[in-house]
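Breakdown of the fold
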Amino acid sequence: MTDTICVLLSVLTAAAVLTAVLQIYYRKQMYLKLGRMLDQVLERREIGISDVREGALAALANKAVRIQEKLEYELNQAQNEKEQVKSLISNMSHQLKTPLGNVMMYRELLETQQDVCQQRLFLKKMKQQLDKTDWILQSLFKMTRLEQGAIQFEAQAASIKNTLLDAVNSVYERAEKKKIQISAVPFEDIRLLHNPKWTAEVFCNILENAVKYSKENSRIQIQVIPMELYTEIQISDEGIGIHKEELTQIFKRFYRSREVENMEGSGIGLYLARLILEKEKGYMTVTSEYGKGSSFHVFLQNCQN
């Protein structure tokens with residue numbers, strides 16, 4: 001009986017030791033696998049979990065995969081933002097190079113010019129270049145803040161006639177200097193879903209381009225066309241027109257047609273207009289025939305009755 005008890009105790013002791021050894025072994029294996037998973041996360045390599053079937057380690061492995069996916073997303077976002085900042089700085093430098101260079105040139109001319117009339121002329125030109133610099137900077141800031149969602153504004157039911165009138169007034173003087181007639185096909189005022197201040201900027205950018213790229217004694221026509229869900233505001237000019245292959249390019253950031261590379265411009269206006277309309281759940285298209293003019297079609301949502 002005593003011998004049997006001793007054997008049984010020996011077996012139980014051996015089993016306990018074996019169990020302890022196995023637990024240490026499995027724990028060590030788990031730590032090794034966890035270590036490999038963490039290394040894979042840190043090194044941005046795919047986590048291998050094909051041999052992890054069940055238990056706590058499987059749950060940890062799945063969480064590690066989710067953490068890695070989130071980190072990868074955040075890293076990609078950070079890289080994209082870094083590239084956007086680099087692109088923005090590069091484009092700002094390019095856009096500001098000409099007006100700032102002109103300011104420096106007029107400053108040097110003023111220092112050596114004794115004629116009062118010439119001094120006034122140079123001061124006027126310097127102011128024009130400074131105004132251009134300010135416009136570029138303001139547009140860049142608006143564009144960047146809209147892209148990042150830092151600017152929030154609400155679309156509301158508002159008179160489209162007043163919004164259009166504000167935009168026309170802002171370009172009227174420039175159109176008058178080129179003897180360009182801006183007219184509108186008579187229409188009844190409509191209340192559309194838009195933000196008057198920001199939408200006026202959309203129309204202003206379109207009208208400024210129409211004036212800039214149209215010849216003297218030409219016409220710009222505005223037409224308001226109500227539809228079932230949207231109302232179309234069409235702005236047509238008799239300018240230089242746009243090549244067919246460029247119609248999908250002109251709304252891109254900083255894009256400028258090869259036809260106008262040597263003319264004043266920044267390639268920001270239409271891109272900014274598109275961003276504004278997207279915020280209002282509207283959109284814009286363009287039709288054009290090169291050499292004969294262009295029509296920009298802005299679509300704003302109708303107010304629900």
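The notes below deal with the structure included here. Keep in mind the model is a prediction, meaning the values are calculated, not measured. The numbers attached to residues start from 1 for each chain and follow its sequence in the written order. Local features in this predicted model are restricted to residues whose pLDDT is 70 or higher, and side-chain atom pairs enter the listing and the counts only when it is 80 or higher, whereas totals over whole chains, interfaces and linings include all residues. Here the side-chain values reflect all heavy atoms present in the structure, with hydrogen atoms and water set aside.

One side chain can pair with another of opposite charge once the charged atoms of both are near each other. Basic side-chain nitrogens of Lys or Arg form a salt bridge, by our definition, when they fall within 4 Å of a carboxyl oxygen of Asp or Glu. The tally for this structure, following the rule as stated, stands at four salt bridges. Arg 174 is paired through a salt bridge with Glu 208; the nearest N and O atoms lie 3.0 Å apart. Placement of Arg 174 in helix α4 (residues 160-177) and of Glu 208 in helix α5 (residues 196-212) is noted, with a sequence separation of 34 residues between them. The rule is simple: take the accessible area with a 1.4 Å probe, protein chains only, and divide by the maximum for that residue type; under 20% is buried, over 50% is exposed, in between is partly exposed. Classification of Arg 174 by relative accessible area gives partly exposed; the value is 41%. For Glu 208, a relative accessible area of 19% translates into the label buried. When the shortest N-O distance is used, the salt bridge between Arg 219 and Glu 238 registers 3.6 Å. On the criterion of sequence distance, the pair formed by Arg 219 in strand β4 (residues 219-226) and Glu 238 in the loop between β5 (230-237) and α6 (269-279) is long-range, its members being 19 residues apart. You can call Arg 219 partly exposed: its relative accessible area is 45%. Note on Glu 238: relative accessible area 29%, which makes it partly exposed. Only DSSP runs of H or I covering at least 4 residues are called helices, and only runs of E covering at least 2 are called strands; the numbering of each starts at the N terminus.

Once that is clear, we can look at the nonpolar core. When a protein is soluble and globular, its nonpolar side chains tend to lie buried together. By size, the foremost hydrophobic cluster in this structure holds 47 residues, and its most contacted members are Phe 203, Ile 233, Phe 296 and Val 298. The greatest single-element share of this core, amounting to eight residues, is contributed by α5. We define a nonpolar core as any set of buried Ala, Val, Leu, Ile, Met, Phe, Trp, Tyr and Cys residues linked to one another through side-chain atoms lying within 4.5 Å. Within the second largest apolar cluster, five residues are counted, among which are Val 103, Tyr 106, Leu 110 and Met 126.

Geometry of aromatic contacts follows a simple scheme: Phe, Tyr and Trp rings, the Trp one being its six-membered ring, pair when their centres are within 6.5 Å, and the pair is stacked under 30 degrees between planes, edge-to-face over 60, tilted otherwise. Overall, the coordinates contain three aromatic pairs when judged by the stated rule. Aromatic side chains Tyr 230 and Tyr 283 sit 5.5 Å apart centroid to centroid with 75 degrees between the ring planes, which places their arrangement in the edge-to-face category. One end of the pair, Tyr 230, is in strand β5; the other, Tyr 283, is in strand β6 (residues 283-289), with 53 residues separating them in the sequence. Ring-pair connections join several aromatic residues into one group, and the members of that group are Tyr 230, Tyr 283 and Phe 299. Geometrically, a lysine NZ or arginine CZ counts as sitting over a ring once it is within 6 Å of the ring centre and also within 35 degrees of the ring normal. In this structure, Lys 161 packs its charged tip against the face of Phe 187, placed 5.1 Å from the ring centre.

Moving on: helix α3 (residues 116-147). Residue count minus one, scaled by 1.5 Å, sets the expected span of a helix. In this model α3 runs 46 Å from its N-terminal to its C-terminal C-alpha over 32 residues, within 8% of the 46 Å that 1.5 Å per residue would give. When α3 is considered as a whole, its buried residues turn out to be Phe 122, Met 126, Gln 129, Lys 132, Thr 133, Ile 136, Ser 139, Leu 140, Met 143, Thr 144 and Leu 146. Just downstream of α3, Gly 149 is the residue with a positive phi angle, here 75 degrees.

All right, on to the pairing of strand β7 (residues 293-302) then. Counting buried residues along β7, nine of its ten residues qualify, which places the element largely inside the surrounding structure. As paired strands, strand β3 (residues 191-194) and β7 are joined by two bridges and run antiparallel to one another. Within the sheet, the bridge partner assigned to Leu 193 lies in β7 and is Gln 301. DSSP bridges decide pairing: two strands pair if at least two such bridges lie between them. Looking at chain direction, β5 and β7 are connected through seven bridges and run antiparallel. Counterpart to Ser 236 in the pairing with β7 is Ser 295. Sheet topology note: the β6/β7 ladder contains seven bridges and is antiparallel. Its bridge partner lying in β7, Thr 285 is registered against His 297.

To continue, consider the side chain of Thr 199. Here Thr 199 is to be found in helix α5. Its relative accessible area of 0% is what places Thr 199 among the buried residues. Should any heavy atoms of two residues lie within 4.5 Å, those residues are counted as being in contact. When neighbours within four sequence positions are excluded, Thr 199 is seen to be in contact with Thr 163, His 194, Ile 276, Glu 280 and Leu 300.

Turning our eyes to something else, we now look at the packing of α3 against α5. Where α3 contacts α5, the two axes come as close as 14 Å, and the packing angle between them is 130 degrees. Put simply, α3 runs oblique to α5. Pair α3 / α5 crosses with left-handed handedness. In this structure, α3 contributes Trp 135, Lys 142 and Leu 146 to the contact, and α5 contributes Trp 198, Glu 201, Asn 205 and Glu 208. Every angle, taken between N-to-C directions, lies between 0 and 180 degrees, and every axis is a line fitted to C-alpha atoms, over only the stretch in contact when it is a helix. Oblique is the label for every angle not falling under 35 degrees (roughly parallel), over 145 degrees (roughly antiparallel), or within 65 to 115 degrees (roughly perpendicular). Here a crossing is taken to be left-handed if its near helix is turned anticlockwise relative to the far helix by less than a right angle, and right-handed if that turn runs clockwise.

What follows deals with the packing of α5 against α6. Two elements in contact, α5 and α6, have axes separated by 9 Å at closest approach and are oriented at 150 degrees. With respect to α6, the element α5 is oriented roughly antiparallel. Where α5 crosses over α6, the handedness of that crossing is left-handed. Contacts from Trp 198, Thr 199, Glu 201, Val 202, Asn 205, Ile 206 and Asn 209 of α5 reach α6 at Gly 269, Leu 270, Leu 272, Ala 273, Ile 276 and Leu 277. Its residues placed into classes, the contact of α5 with α6 shows eight nonpolar, four polar and one charged. Each residue is assigned to one of three groups, with Ala, Val, Leu, Ile, Met, Phe, Trp, Tyr, Cys and Pro labelled nonpolar, Asp, Glu, Lys and Arg labelled charged, and all others, Gly among them, labelled polar.

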